[in-house]
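Residues per chain, in single letters:
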Amino acid sequence: MTTPAKQVRVRYAPSPTGDFHVGGARTALFNYLFARHFNGKFILRIEDTDQSRYKPEAVGWLLNGLQYLGMDWDEGPEAGGEFGPYVQTERLEIYRRYRDQLLEQGRAYRCFCTPERLEAASKEQQRRGGNPGYDRLCRDLDTAESARRAAAGERHTVRFKMPIDGETVVYDAIRGEIRFPNSNLQDTVLMKSDGIPTYHLANVVDDRLMEISHVLRGDEWVSSLPLHARLYEAFGWTPPVMAHLPLILNPAGKGKMSKREDRAPDGRVLPVFVRTFEELGYLPEAMINYLALLGWSFDDKTEIMSREELIERFSLERVNAAPAVWNYDKLDHLNGYYIRQLSSDALAERLLPFVRRAGFAVELEYMLKAAPLLQERITRLSDAAKAGGFFFADELPPYDSAELIPQKGDAAMARRVLERARQTLTSVDFSREALEPALRGDAEALGVKTGQMFQPVRVAVCGKKAAPPLFETLETLGRETCLKRIDQAVAKL
Ligand code: GLU
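Rules used in this analysis
- Residues numbered from 1 in each chain as written.
- Predicted model: local features only at pLDDT ≥ 70, side-chain atom pairs only at ≥ 80, totals over all residues.
- Heavy atoms only, no water.
- Core = buried A, V, L, I, M, F, W, Y, C linked by side-chain atoms within 4.5 Å.
- Buried < 20%, exposed > 50% of the residue type's maximum accessible area, 1.4 Å probe, protein only.
- Helix = DSSP H or I, 4+ residues; strand = E, 2+ residues; numbered from the N terminus.
- Contact = heavy atoms within 4.5 Å.
- Polar contact = N/O pair within 3.5 Å; in protein donor to acceptor, adjacent residues only side chain to side chain.
- Phe/Tyr/Trp six-rings, centres within 6.5 Å; stacked < 30°, edge-to-face > 60°.
- Lys NZ or Arg CZ within 6 Å of the ring centre and 35° of its normal.
- Near = heavy atom within 4 Å.
- Areas by Shrake-Rupley, 256 points an atom, 1.4 Å probe, with all protein chains shown as cover.
- Nonpolar A, V, L, I, M, F, W, Y, C, P; charged D, E, K, R; others polar.

Draft legend 1. Just the nonpolar core, in detail. Judged by nonpolar contacts, the single largest core of 113 residues is most densely connected at Leu-29, Phe-42, Met-71, Phe-277, Trp-296, Trp-326 and Leu-474. Top contributing element to this core by residue count: helix H1 (residues 22-37), with nine residues. Those residues in contact with Met-71 that sit more than four places away from it in its chain are Ala-25, Ala-28, Leu-29, Tyr-32, Phe-42, Leu-66, Ile-288 and Arg-307. Among the nonpolar cores identified, the runner-up in size contains 36 residues, and Val-158, Leu-201, Met-210 and Leu-225 belong to it.

Structure, rendered in structure tokens:
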């Protein structure tokens, strides 16, 4: 992509109204990659002017989520910066100045209509076959009278004066030119009656004052583009480059991705919030890689890309306008891939908190042995507690004793195998190099197939047939546990 002339300054500007959704994380990521690609600045701005929807926990969820995903911001809450404050409710004086400027220029007007009148006006408009919305009653109020009523303390909002005829033509870096007939546009409220701006005024003023060069945001804001374009024009400012990222569809490809977490028919949670992905043990490497491919591609075939590669390759030109479909399987696949890429020590360290949280008192030293045996068998870090529960629990969960019976064998064979194995395991050197030939020798001595020998032993120590390689597993569990579990299995038979 051609390098922008100005320094790249982009922002992620969430409203703290709820949990940090992966759709928001995708928006943050595209801004982050774009900033890093051009050695620009990635700014975090909290757009909290809608106090009725404000959720105090939401800022924490956001900051934690960005930290988990490794998207460090250059300016914003906690980071500071010379364009602050970065929280909109701390900037109210600034917005009031710009409201006054628009009023003086006659580009905005005070609206004294009560909520009841607004509702009635909207209904009336619709009844006459028009669009719902405000009928612009106060637009032509005499300015002196308007000022007098305001000075007398009459409640009012401030609305933008949109052009009534013609079109507003905007340019989006991903979608190209978009034309809006002005007759469909409203005189939107810029400042509420409590002196708090709406998103539109605050957003435009801040993007200007924070010298934002490119706005990369969700596609739900396309419809606000004409208002924003007219606001920039009224202030006499050149707008930043605008780019609206593609919608994210639900896995069925029908309709927007859910804002809530549902459960799959098999009872599995279908996460949509960043902190749930973190809790389930999705690696940030996998999340970043996956989210980058939601609406962007490098070359239509490369799927696996590290953070450095994404930064190097990211470009707005290859962001798609068409919606992207969320795909849990693809994310799981990437997560499994990144789990297998970890060194066993790194995996052990990452698994430890998950297994402990599941209620097992495990030490790192033990985890260092178990982790490589689980590496191939888990998709998410939280799977380890289940897939490898037999490594961590003192007692195996109950299993069906029929599982102990080898193929083409019977309970008597299972018992013979286990008793022989018990004898061997009492004295053999407890390393996989010694265990394997010893148990193979047992099979031969008993005249059974190796499979018929190994299966009862595996089920006895793991409680299930599908388990990691047997000799490493025995070695990791250690002699005492193995003998105890074999005794329990024999008792079950
Ligand atoms: N506060 C808006 C949001 O939550 C920001 C939109 C924008 O980036 O302009 O999506």
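Draft legend 2. Fine view of the environment of Arg-155. With respect to the helices and strands, the residue Arg-155 is situated in the loop between helix H5 (143-151) and strand E4 (157-160). In this structure Arg-155 comes out as exposed when scored by relative accessible area, which is 63%. Considering only alpha carbons, one finds Arg-155 and Arg-91, 64 residues apart in sequence, at a separation of 22 Å. Contact partners of Arg-155, with chain neighbours within four places excluded, come to Cys-111, Phe-112 and Ser-193. A polar contact of 2.9 Å, which involves the side chain of Arg-155, links it to the side chain of Ser-193.

Draft legend 3. View of the packing of aromatic side chains. Throughout the structure, instances matching the rule amount to 20 aromatic pairs. Plain terms: the ring middles of Phe-30 and Phe-314 are 5.2 Å apart, the flat faces sit at 65° to each other, and that makes the pair edge-to-face. With a gap of 284 residues between them, Phe-30 in helix H1 and Phe-314 in the loop between helix H10 (307-313) and strand E13 (324-325) connect regions that are remote in the sequence. Judged by its relative accessible area of 1%, Phe-314 falls in the buried class. The interplanar angle of 20° and the centroid separation of 4.3 Å between the aromatic rings of Phe-235 and Trp-237 together place this pair among those described as stacked. In this structure Phe-235 comes out as buried when scored by relative accessible area, which is 8%. Ring pairs connect the aromatic residues Phe-277, Tyr-282, Tyr-290, Trp-326 and Tyr-328, which therefore count as one cluster. Across the ring face of Tyr-134, the terminal group of Arg-159 is positioned such that the distance to the ring centre comes to 3.9 Å. Of note, Arg-313 hangs over the ring of Phe-298, and the distance from its end group to the ring centre comes to 4.3 Å.

Draft legend 4. Geometry of the site of the ligand. Around the ligand, the surrounding shell consists of Arg-11, Ala-13, Pro-14, Ser-15, Glu-47, Tyr-199, Asn-203, Arg-217 and Trp-221. Contact distances for the ligand include 2.9 Å between a nitrogen atom and a side-chain N or O atom of Glu-47. Side-chain polar atom of Tyr-199 to an oxygen atom of the ligand: 2.8 Å apart, as the coordinates give it. When the ligand is considered free in solution it has 300 Å² of accessible area, and contact with the protein chains removes 84% of it. Here the shell around the ligand is built from residues that sort into four nonpolar, two polar and three charged.

No statement about biological role is implied by the geometric values presented.
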